[in-house]
Each structure stands twice: as C-alpha cells, then as structure tokens.
Amino acid sequence: MPVNITIRKATPDDLDGIRQLFYDTVITVNKKDYTKDQVKAWSSGYYYVEGWKNKLSDQNFFVAELNKRIVGFASFTNSGYIDFMYAHKNFQSQGIATMLLETIEKQATSWGIRKLQADASLTARPFFQRRGYELIKENVKRIDDVKFLNSVMIKEIKK
C-alpha cells in the first residue's frame, strides 16, 4: 500500500478529479470484464455533471489522496447503500479501496447502520467477497439500451 494515503470527506472542489478517476478507471480496469459497448455506456456517466454534483451533496462521499492527488473515492447513503467504490487505474490492488471501505464501515457503524449493500460490478465482486460481503443475487441493469450484469452484495456490520 502506498504510504501517505489519506482519506477525507469529499468537497465540491473534488468533483472534476472524481469524475476523471471514474472515467479513466472504467475505460481501463473494467474493460477486462465488460464489452466495448458496456464500457462506453458506463463511462458516459462522466458527462452527467449535475448528477455527480447531486451525489456529492446527497451522499457520504470520501476521497483517498496521495500527495494531494485523488487516487480513489467511495460513497454511501444514510440507508447503507454503497454507491461508489473506485481506485485509480494506476493504483489497483494497493489497499486504497480497502481503506475507503473500512472508512465507510466505521462511519456506518457509528451512525447505527447495521447492514451495508453494494451493487458490485463483475470487476468489484471479488473485492467485496474478500471483505465479507455476501452475494444475494445477480442483477441485470441498463444504461441506455446496454445491459450489465452486477451483483447485489450485503454485509451485516457488527458493533
């Protein structure tokens, strides 16, 4: 794991960095598990700036930083739904997503949330499984006319 990684609450000033990390990660990392059309549809989310602004203000959003550069981000809702979990394409498998998930789990526990849920991509499913999330069912989601398989994963959080 890179040293000097810090996790902090995201701010509106982080929006462009978060969006770019999302785009770069989807088009490079997720292409191993998804088709070209799926990656294109998924990465198009980068362009919905208003949607990103709303998520940033409505959810509990965290960023991981290394030398003042965003190398990961994650978010969850007050109901325990993990909406985002991304590590920078150049910092995969270095513990960044684990640090972000631990931050979410700790925050959720302190707020009395006892169950977390994620709709994990095929790429992220093994990550969540290694951290104790149980596969509940597989879903087919759509972005425009493109179908995606993902996995509903749940973890009971202990005090």
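The structure this text deals with has already been given above.
Residues numbered from 1 in each chain as written. Predicted model: local features only at pLDDT ≥ 70, side-chain atom pairs only at ≥ 80, totals over all residues. Heavy atoms only, no water.

Enquirer: Just to check I follow, could you spell out the pairing of strand S7 (residues 146-156) for this structure?
Expert: Side chains on a regular strand alternate between the two faces of the sheet. In this sheet, S7 lies alongside strand S5 (residues 115-121) in antiparallel orientation, the contact comprising 7 bridges. Bridge assignment links Ala120 to a residue of S7, and that residue is Ser151. Where strand S6 (residues 134-143) lies against S7, 9 bridges are found, and the strand directions are antiparallel. Within the sheet, the bridge partner assigned to Asn139 lies in S7 and is Asn150. Between S6 and the antiparallel strand that follows it, S7, lie 2 residues; Asp144 among them carries a positive phi value of about 55°. (Pairing = 2+ DSSP bridges. Helix = DSSP H or I, 4+ residues; strand = E, 2+ residues; numbered from the N terminus.)

Enquirer: Could you clarify how one ought to interpret the environment of Lys106 in this entry?
Expert: Within the secondary structure, Lys106 is located in helix H4 (residues 96-110). Residues Lys106 and Ile157 lie 51 residues apart in sequence; the distance between their C-alpha atoms is 9.1 Å.

Enquirer: Quick question: what am I supposed to make of the pattern of salt bridges here?
Expert: Any two side chains of opposite charge can pair, given that their charged atoms come close. Enumeration according to the criterion identifies 8 salt bridges in this entry. Between Lys55 and Asp83 there is a salt bridge, and its shortest N-O distance comes to 2.7 Å. Taken together, the residues span a long stretch of sequence, with Lys55 in helix H3 (residues 49-58) and Asp83 in strand S4 (residues 81-87) at a distance of 28 residues. Three or more residues are tied together by salt bridges with common partners; here these are Arg8, Asp14 and Glu65. (Salt bridge = Lys/Arg side-chain N within 4 Å of Asp/Glu carboxyl O.)

Enquirer: Is there a simple way to think about unusual backbone geometry in this case?
Expert: Although it is not a glycine, Asn67 sits at a positive phi angle of roughly 55°. Residue Lys68 is not a glycine yet carries a positive backbone phi of 65°. On the secondary structure map, Lys68 appears in the loop between strand S2 (60-66) and strand S3 (69-76). Look at Lys68 and you get exposed, because its relative accessible area is 78%. (Buried < 20%, exposed > 50% of the residue type's maximum accessible area, 1.4 Å probe, protein only.)

Enquirer: Where do I start with the nonpolar core in this structure?
Expert: What tends to happen in soluble globular proteins is that the nonpolar side chains get buried as a cluster. Counting 28 residues, the largest nonpolar core has Phe76, Ile82, Met85, Ile96, Ile104, Leu116 and Phe128 as the members making the most contacts within it. Take this core: its biggest share by element is 7 residues, from H4. Core analysis: the second largest hydrophobic core is formed by 20 residues, Leu15, Phe61, Ile70 and Phe84 among them. (Core = buried A, V, L, I, M, F, W, Y, C linked by side-chain atoms within 4.5 Å.)

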